[in-house]
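Each chain, written out:
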Amino acid sequence: MTALPAATPKKLGLVIDLDTCVGCHACAVACKQWNDIGEWGPLPDVDGSGPRPEGAWLNRVHSYDVTTPDGTGMTLHFPRSCLHCEDAACVTVCPTGASHKRADDGIVLVDPDTCIGCKLCAWACPYGARELDPVQKTMKKCTLCADRIYNVDLAPEDRQPACVQACPTRARHFGDLADPESAVSRLVAERDGQALLPELGYRPVNRYLPPRPRRNKAGDTGAPARLEDGHGFDADRASPLLRWLDRVLTR
Amino acid sequence: MHPAASVIAFTTLSGAGYGLLVWLGLLVGFGQAGRSPALVLTALLLGAALVAAGLLASLAHLGRPERAWRAFSQWRSSWLSREGVAALAGFVPILGLGWAVLAGAGPALRDAFALALVPASLLTLVCTARIYDTLRPIPAWHNRWVLPGFLALAAASGGALLWALGVLAFALPPHRGDGVVLLVLLALAAAVKWAYWRHIDRHPGGVDPAAALALPAGSAVRSFEAPHTEANFLLREMGFALARKHGARLRRLCLVLLVVLPALALALAWAWPWLRPPAAALVAGSVLVACALERWLFFAQARHLVMTWYAPQGPGV
Ligand code: SF4
Ligand code: SF4
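An account of the accompanying structure is given in this report. Bear in mind the structure is a predicted one, so any value in this text is a computation, not a measurement. (Residues numbered from 1 in each chain as written. Chains lettered and ligands numbered in written order. Predicted model: local features only at pLDDT ≥ 70, side-chain atom pairs only at ≥ 80, totals over all residues. Heavy atoms only, no water.)

1. Considering the pattern of salt bridges
Then, number 1: What the rule picks out here adds up to 19 salt bridges over all chains.
Then, number 2: Among the ionic pairs, Arg212(A) bridges to Asp19(A), the shortest N-O distance being 2.9 Å. Of this pair, Arg212(A) sits in the loop between strand S11 (207-209) and helix H7 (240-250) while Asp19(A) sits in the loop between strand S1 (12-17) and helix H1 (26-37), placing them 193 residues apart in sequence.
Then, number 3: Judged by its relative accessible area of 42%, Arg212(A) is partly exposed.
Then, number 4: A salt bridge links Arg222(B) to Asp65(A), with the shortest nitrogen-to-oxygen separation between them at 2.5 Å. On the criterion of chain membership, the pair formed by Arg222(B) in strand S1 (residues 220-225) and Asp65(A) in strand S4 (residues 59-67) is interchain, its members lying in two chains.
Then, number 5: Relative accessible area serves as the criterion here: at 46%, Arg222(B) is assigned to the partly exposed category.
Then, number 6: Three or more residues are tied together by salt bridges with common partners; here these are Lys11(A), Glu86(A), Asp87(A) and Arg203(A). (Salt bridge = Lys/Arg side-chain N within 4 Å of Asp/Glu carboxyl O. Helix = DSSP H or I, 4+ residues; strand = E, 2+ residues; numbered from the N terminus. Buried < 20%, exposed > 50% of the residue type's maximum accessible area, 1.4 Å probe, protein only.)

So this is what it looks like as structure tokens:
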């Protein structure tokens, strides 16, 4: 059914730390790997080992040069995947009922056996979280590893999304965002986690933790404050040889 | 958005077909059927064939066309599903009118089927337009000019086809009134499209790339590395961009084909009645090409918000 549940008791989702993400694509690769063999797989490519490989990935990592309004420059890596929205238009537009949101945990999924590949759900997702499988011709999207997180055949520490487990900088966190006491909710509260483009009204569940203010002054990093200005040269306290050198070089 | 041939063919052909059926239903329903049952049948057949051809073309847009029947199930929430149901239901008055004319049923029954064509065809057109204008991630579609645009172009192209059919196949006597009505329809369609284009130029929509990246407002953002080196579905489907100056030229061409050329042809046909058949063919052809071109532009000039991440546009870019 493409009707959305009025509210879900659990809101499982990801919290992604843009401060620590280094853009290594480990999450995207781990995702591709697991979902190729998982319950909603395969995730095949066209021309996989040829010169023009192309296929559906459920997670894409962008990299940007950013200058914030105060003039600070920084590099930002941005993993983009399904946000498991509460008001997911990708579900309500689906003519077949293949696209659905689970009533118990809020995960948004596509049934590969009933999807007709009309692509309307991909048009309806502002976040570009859906890609058509070029081989199966059905829609693919992040499953939040629903086939891992409840999987009793896996060791308890493995019952988390493949991307979260693979992230070397622990920039990805998984949990229940409906529970204010959960670790992810506390993280969102502490770090002012953001819902992307809330004005569109999709009410995403996932949150992004904005990069912390960059420390680009010497003093901010714990280095001696005298490194702050000039070249850190204190003529009064330097040896006669250095004072002479300083005079020669500044002439 | 990628202008897919299947969707352009579908919406252009079925739009013209439903427009034709609306006018046919009105003419028959309001007592003009007695003039020529053969014309009614031929027009009905043409309308039904256009609608059916459009629906078949739309199947080509599906990844798994063999499962298309599943699309009738979600009419409670999905405009695409509603469109399918309405299109199917629309064949009831089509078949009914065909049967009534062929079997010589009483005029009351015939006119009832004819009048039922009007809401049935309009309903499908409305569903089609709503598929597009409810899509918030595509600002060029999510606005109030989309529905009038679909309706006005269907009315214009359907009217042009019906008129041309009457002139070409049934040698309708020269009659200024119908030419004037047709011109008004074409001018109206052109005006609505012009208003639509003006609207999307003035309100391009879009979001601040900084907000899309959870950054403070006013941050300048430049992509230095794309997430993938080869093409993907998103870039193929949503990464289509048409140069502004080409767009402006094509819009002018569209208006010329939609109203200027047909107006000239109609004027010639008025001056020299023996020119009516070629003029009618020209009007029909020109208007149909204009509609297809308009639909192509409707896709080509629509930017999906996902492009914000691929090619951020905003302060400092
Ligand atoms: S991110 Fe896109 S695909 Fe995921 S739930 Fe939201 S609208 Fe649907
Ligand atoms: S592509 Fe599949 S999941 Fe998406 S709207 Fe169409 S039928 Fe539904």
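That was the structure; now back to the text.
2. A few points about the nonpolar core
Then, number 1: The biggest cluster of nonpolar side chains holds 90 residues, and the ones touching the most others in it are Trp123(A), Tyr127(A), Tyr132(B), Trp141(B) and Trp309(B).
Then, number 2: Of all the elements, helix H3 (residues 120-124) of chain A adds the most residues to this core, at five residues.
Then, number 3: The residues touching Trp309(B), leaving out its near neighbours within four places in the chain, are His62(A), Tyr64(A), Phe78(A), Arg80(A), Pro126(A), Tyr127(A), Leu196(A), Leu197(A), Ala212(B) and Leu213(B).
Then, number 4: With 49 residues, the next largest nonpolar core counts Ala156(B), Leu165(B), Val259(B) and Ala265(B) among its residues. (Core = buried A, V, L, I, M, F, W, Y, C linked by side-chain atoms within 4.5 Å. Contact = heavy atoms within 4.5 Å.)

3. Quick notes on the packing of helix H1 (residues 5-32) of chain B against helix H2 (residues 37-59) of chain B
Residues and elements named next belong to chain B.
Then, number 1: Across the interface, H1 lies against H2 with an axial gap of 7 Å and an inter-helix angle of 155 degrees. Here H1 is positioned roughly antiparallel relative to H2, judged by the angle of their axes. Both H1 and H2 take part in a crossing whose hand is left-handed.
Then, number 2: Within the contact of H1 with H2, the residues separate by chemical class into 19 nonpolar, six polar and no charged. (Axes fitted to C-alpha atoms, helices over the stretch in contact; angles between N-to-C directions. Parallel < 35°, antiparallel > 145°, perpendicular 65-115°, else oblique. Left-handed = near helix turned anticlockwise from the far one by under 90°. Nonpolar A, V, L, I, M, F, W, Y, C, P; charged D, E, K, R; others polar.)

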